[in-house]
Every structure is written in C-alpha cells, then in structure tokens.
Amino acid sequence: ITPPLDDFDVIKPVSGHAPIYAGSIDLQLRKVLADIDVDECEANGENAFFVANLAEIYRQHLRWMRALPRVVPFYAVKCNPDPYVLRLLAAMGTGFDCASNGEIQAVLNLGVSPSRIIYANPCKAASFVRHAAAHNVGLTTFDNVDELYKMKKFHPGCKLVVRILTDDSKSACQLGLKFGAPLDSVPRLLEKAKELDLDVVGVSFHVGSGCYDADAFRDAVHRARVAFDMGRDAGFTFDFLDVGGGFGHDNFESVAEVLGPAIDRYFPDADFASGGKAVPGKPNGLRIIAEPGRYYVHSAFVLATNIIAARRGEEAEEAPSSQEVAAVEGARDKPEVMYYQNDGLYASFNCVIFDHVTVYPKVLTLDRKYVYRPEIPSPGIVAPGADADEAERKAWSLQPCSIWGPTCDSIDCVRELAHLPRGLEVGDWLVYENMGAYTICAASTFNGLRRSEVRYTVGGGEDGAVVRDLLLQ
Ligand code: PLP
C-alpha cells in the first residue's frame, strides 16, 4: 500500500541517516526547531543541521531533460554523495561520474549497472583501476602517457576518453591547472594509445566548476571537434563526447542554448535519432554525456545554524577587520557584533574557501521566534539577509556584524561583514539557502565537532508523490 504523503517516513533509512518526511523545507525547519530547546538540550542537541528537499533534485532533472535531451547526465558524485540523493538519481536513470574507488562502490551498492558509470579521473591509483576492472567499470578518462601504461597493465579492455584542456578562465573553480591535455599533445597521446592497442572512443572536457560564461562551452565543443579529427587521423573511430560539468543553477538555460547549437554546428553529421548510439556505417553517430554536479544539488539543501555566542560593542570593536572588508565592503561599516555559530569553514562552510562562494545568512528565528519566509527572495523583507539594502537596514534596524564558525581558529570566519537585525540573541537560528554543492562532502570534524546532519523531505504536492514513488522503487 502506498503510504500517504504526510507521514512518509516508511522508507528504510540508510544506516546513520535520518528518515525522509514530506512537506516543504520550511515545514521541516519548523518541525526540527520545535523539538530543540537550546536552554535544556543535551550536548550536540542544538547542532546545525541541513534540510534537503529531494523534490528539488527531481525538478532539476526535468529541467535538464527539457533543455538538453540529447545529453545524458552522469551526476558528479563528489559534489554531494548523499545516499538518498544518489538513490533518487539512480531511480531517475542518470549515469554517475565517479572520481575514486569509494564513489564507484557507493554507486554499485545501489544496484546501478557499471555501464552507467564513467570513472572520470585522469590520474587514478593503480589499485582503484584494478577494482574498476574487477567490477566491469569500463569507461575512463586520461590525459597523459603514464595513465595509458597503467591502463594497459591493469585494465586493457577499458574504453578510454581523452580529456582535453579548454578555456576555464570564466569559471569560479578552474581545473585546467591540474587536468586536461593541450590539443597539440593529443596526437602524441593517441599514437601511444594505438601503439599499446588501447581503445580510445572519444573526448571529454571540463570548462571549470561554476562556469559563468556560456561561450566557454561553445569554444570547448569546437576544441573537442578538433580532437575528434585527430582521433580519425590516428585510426580511431570516436563516437563519444563528454561535455563535463560546470553547469550552474541560475544560468543553465543560457548554457544549454549555447551548448546545443554548438554540438549541431561542430558535429553536424551526428546521428541523434539512434538514441545517441553509434550506428554501423555512420562513424559520427555520437553518444553525448555530461558530468553535472552542482547543477543538481545546489538549491536542494539549506543549512540551519545556531548562534552559540556573541561578542558585542567594545568586545567586538577591538577585533581588527581585514583589509578585504575595508576594500570591498566599505570601511564605514565596522562589525558591531561578532556572532559565533556552530558550523564554519572547517565544516560545511569549507565552500567559502574551496568553492569561492559568498554565503548569505537569513534569519530563521529572531528573539527566539520563527520569522523565516523562504518565498521572499534574498535578502527578503521578513527575513533580512546579509546584503540588505539601505532601506531594509533602516526598516529592520539592521546592525553590521561578522559571523564566525565554532572552532578556535581565527581563519574560521564565515562572513566578515553582514547586516542582521539587532534583536538577534545567542540561541537564535540563522539559515543559509543553496548549500547542497561542495559543502558536506569536504567537511571535517576539526576541534572535535560533529558534521551537521541532514534531515530529508520529498517535498509536497505532486512532485513529492513522484519523488516518494521513485525512492520506493
Ligand atoms: N567532472 C569532473 C571531472 C570534475 O572534476 C567536476 C568537479 O570538480 C565535475 C565533473 C562537476 O563539476 P560541476 O559541479 O561544476 O558540475
């Protein structure tokens, strides 16, 4: 019997993870907070926590299929390897981009066929390659000759994809420093692969994570075309194009509007009618995949943090504000309060360092009362965010503050300058939206602190019911 959506907690929880409920993120936040008494709870009882709305991932998938129906998404597991996220994606039929043995195992454990995995790391440990071979993971990327020798030795039947270097200067996280063969080195790589009797089937690239210029994709597809011609010259029949990651939540359609026509232009003879499979006698039949990570999970997770301490007035004014604050945010606003919250740079907010993001706190409770209104866009009126404009500052009596993590290190500063309402107290809660990508996966337990746990919802309404049924499959 299909359970009613309201009490959807019947899915067997993955060990160590919370069950899944239904309803909005807002509802989950209220529910969790209702059970926490910050004045009475046990140690860790007021820990920061995520709420994940799995329906958001489902909606992102529909959006992908609408805009890029020819490009099969292989979710980049590294971005957020949450077991329910992987389970939902598996049920929706995506493939998976795995970077390590552990990620491959996590995906195989879901019962996903190894044919739905690309081992998309051009520099792999030999033992991981042997493991991939033993589990029939038969597709991987390379960008150097040493990797070819390794593949010959440990997994000679693997299909290989040459990862080329593209222009990543329009991205928040540039990967070209570390990976990608420059085009002029590709003929030499292909010659070596031929000599070793290895099977190179196509080309991959990554324009960099957080790509903000859709044109980078057009240029990269052009370079891939050049590499395809090099493949033909080396005696290979390429039929595989992997356009990597870099897709954002906000600019996805504009990227798709560039990427789709670029594929048409540079691969005009590709046969998409065949479902992307190469067809005998049609050497340019193309199978196209992508490796989106951030795109799928960015907006699906919010993080609630508790204000565990504050230093005010003179206590805070003594603290030097960095040059960055003075230069970027204006020296006129010196933080009057230093808030200390129970998640920081060493944990979920590692994204501030590694992913180069600025995070925006919103007020979840004010003077212990719930005031969050998620439908109001940041910075919002009822729940002012860190970047409220002048009018809002006046209306809300906002106060310049800085926000710090819970560790004893002074680098652990989440925002050097934000504007939050004066009534905020120790024990109040903040919330950060869009915290699904590159957060939990790289969080440490530095200072003996626990990682923030995730609460789950399938969402409400029709989407919620679909997601619930997908998870129950
Ligand atoms: N593929 C590879 C090889 C990567 O290294 C990454 C991110 O580092 C991704 C895909 C995912 O990128 P994004 O999250 O920008 O989509």
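- If you check an unreviewed UniProt entry, the protein appears there as ornithine decarboxylase from Pseudozyma flocculosa.
- The record held by UniProt for the protein lists under Pathway (unreviewed entry) the comment "Amine and polyamine biosynthesis; putrescine biosynthesis via L-ornithine pathway; putrescine from L-ornithine: step 1/1."
- Recorded in UniProt for the protein, the comment headed Catalytic activity (unreviewed entry) runs: "L-ornithine + H(+) = putrescine + CO2".

### Concerning the overall build of the protein
(1) Moving on: Each helix and strand counted, the protein has 15 helices and 21 strands in total.
(2) Moving on: The buried share of the protein, taken over its 473 residues, is 47%.
(3) Moving on: Looking at the protein alone, contacts between residues at least 24 apart form 70% of all its contacts between residues at least 6 apart.

### Digging into the site of the ligand
(1) Moving on: Taken together, 16 residues are adjacent to the ligand, and Ala76, Ser209, Gly245, Gly293 and Arg294 come closest.
(2) Moving on: Here the residues of the shell around the ligand are counted per class, giving seven nonpolar, six polar and three charged.

### Overview of the UniProt feature "modified residue: N6-(pyridoxal phosphate)lysine" (unreviewed entry) in the protein
(1) Moving on: UniProt records the feature "modified residue: N6-(pyridoxal phosphate)lysine" (unreviewed entry) at Lys78, using the numbering of this structure.
(2) Moving on: Relative to the elements of secondary structure, lysine 78 occurs in the loop between strand S3 (71-76) and helix H3 (83-92).
(3) Moving on: On the basis of neighbour counts, which here come to 20 C-beta atoms within 10 Å, the residue lysine 78 falls in the buried class.
(4) Moving on: Among all residues touching lysine 78, those that are not within four sequence positions of it are Ala99, Glu103, Gly293 and Cys441.

### Things to note about the packing of helix H5 (residues 126-134) against helix H6 (residues 145-154)
(1) Moving on: Following both chains from N to C, one finds H5 and H6 inclined at 45°, their axes separated by 10 Å at the closest point. Judged by the inter-axis angle, H5 sits oblique to H6. Between H5 and H6 the crossing geometry is right-handed. When H5 is examined against H6, the residues Ala126, Val129, Arg130 and Ala133 are found in contact with a partner set consisting of Lys150, Met151 and Phe154.
(2) Moving on: Of the residues that constitute the contact of H5 with H6, the class distribution is five nonpolar, no polar and two charged.

### As for the domain arrangement of the protein
(1) Moving on: If you check the domain split of the protein, you get domain 1 (24-53 + 298-457) and domain 2 (81-292).
(2) Moving on: Domain 1 puts eight residues into the contact, and the matching count from domain 2 is six residues.
(3) Moving on: Taken together, the residues of the side of domain 1 that touches domain 2 sort by class into four nonpolar, three polar and one charged.

### Some points on the environment of histidine 356
(1) Moving on: Within the fold, histidine 356 resides in the loop between helix H13 (351-354) and strand S15 (361-363).
(2) Moving on: C-beta crowding within 10 Å serves as the criterion here: with 14 such atoms nearby, histidine 356 is assigned to the partly exposed category.
(3) Moving on: Sequence separation between histidine 356 and alanine 172 is 184 residues; the distance between their C-alpha atoms is 6.6 Å.
(4) Moving on: For histidine 356, the contacting residues outside a window of four places in its chain are Ala172 and Cys173.

### Concerning the nonpolar core
(1) Moving on: The biggest cluster of nonpolar side chains holds 134 residues, and the ones touching the most others in it are Phe50, Leu54, Val162, Val203, Phe217, Val302 and Val431.
(2) Moving on: The dominant element in this core, judged by the number of residues it contributes, is helix H8 (residues 215-233), at eight residues.
(3) Moving on: Looking at which domains feed residues into this core, each of domain 1 (24-53 + 298-457) and domain 2 (81-292) supplies at least three.
(4) Moving on: When residues no more than four places from it in sequence are discounted, the contact partners of valine 203 are Val161, Val162, Ile164, Ala224, Ala227, Phe228, Phe238 and Leu241.

### Topic: the packing of helix H2 (residues 54-67) against H3
(1) Moving on: The N-to-C vectors of H2 and H3 enclose an angle of 35°; their axes lie 10 Å apart at closest approach. Note that H2 runs across H3; the crossing there is right-handed. Only Tyr84, Val85, Leu88 and Met92 of H3 make contact with H2, whose side of the interface consists of Leu54, Ile57, Tyr58 and His61.
(2) Moving on: Of the residues belonging to the contact of H2 with H3, the class tally is seven nonpolar, one polar and no charged.

### Re the environment of arginine 225
(1) Moving on: Turning to its location among the elements, arginine 225 is positioned in helix H8.
(2) Moving on: In this structure the C-alpha to C-alpha distance between arginine 225 and alanine 106, which are 119 residues apart in sequence, comes to 34 Å.
(3) Moving on: If sequence neighbours within four positions are ignored, arginine 225 has contacts with Tyr266 and Phe267.

### Re the pairing of strand S20 (residues 429-432)
(1) Moving on: Along S20, one buried face is formed by Trp429 and Val431 and the opposite face, lined by Leu430 and Tyr432, is buried too.
(2) Moving on: Pairing analysis gives four bridges linking strand S13 (residues 301-312) to S20, with the strands arranged antiparallel. For leucine 303, the partnering residue across the bridge sits in S20 and is tyrosine 432.
(3) Moving on: In this structure, S15 lies alongside S20, joined through three bridges in antiparallel fashion. Paired with proline 361 across the strands is tyrosine 432, a residue of S20.

### Description of helix H9 (residues 252-266)
(1) Moving on: Over its 15 residues, H9 runs 21 Å from end to end, which matches the ideal 21 Å to within 8%, given 1.5 Å per residue.
(2) Moving on: Of the positions making up H9, those classed as buried are Val255, Ala256, Leu259, Ala262 and Ile263. One side of H9 holds all its buried residues, which, seen down the axis, span an arc of 140°. Opposite the buried face of H9, by more than 90 degrees, sit the exposed residues Glu253, Pro261 and Arg265.

### Thoughts on unusual backbone geometry
(1) Moving on: Its identity is not glycine, yet asparagine 136 carries a phi of approximately 65°, on the positive side.
(2) Moving on: The exposure class assigned to asparagine 136 is partly exposed, which follows from the 13 C-beta atoms found within 10 Å.
(3) Moving on: Backbone geometry at aspartate 367 places phi at a positive 55°, although glycine is not the residue there.
(4) Moving on: Tracing the backbone through its elements, the reader meets aspartate 367 in the loop between strand S16 (365-366) and strand S17 (369-370).

Quick notes on the rules
Residues numbered from 1 in each chain as written. Predicted model: local features only at pLDDT ≥ 70, side-chain atom pairs only at ≥ 80, totals over all residues. UniProt positions renumbered as here; feature names shortened; annotations may be inferred. Helix = DSSP H or I, 4+ residues; strand = E, 2+ residues; numbered from the N terminus. Buried ≥ 20, exposed ≤ 12 C-beta atoms within 10 Å, placed from the backbone. Contact = placed C-beta atoms within 7 Å. Near = placed C-beta within 6 Å. Nonpolar A, V, L, I, M, F, W, Y, C, P; charged D, E, K, R; others polar. Axes fitted to C-alpha atoms, helices over the stretch in contact; angles between N-to-C directions. Parallel < 35°, antiparallel > 145°, perpendicular 65-115°, else oblique. Left-handed = near helix turned anticlockwise from the far one by under 90°. Domains from an automatic or database assignment. Core = buried A, V, L, I, M, F, W, Y, C linked by C-beta atoms within 7 Å. Pairing = 2+ DSSP bridges. Expected span 1.5 Å × (residues − 1). Arc of directions from axis to C-beta.

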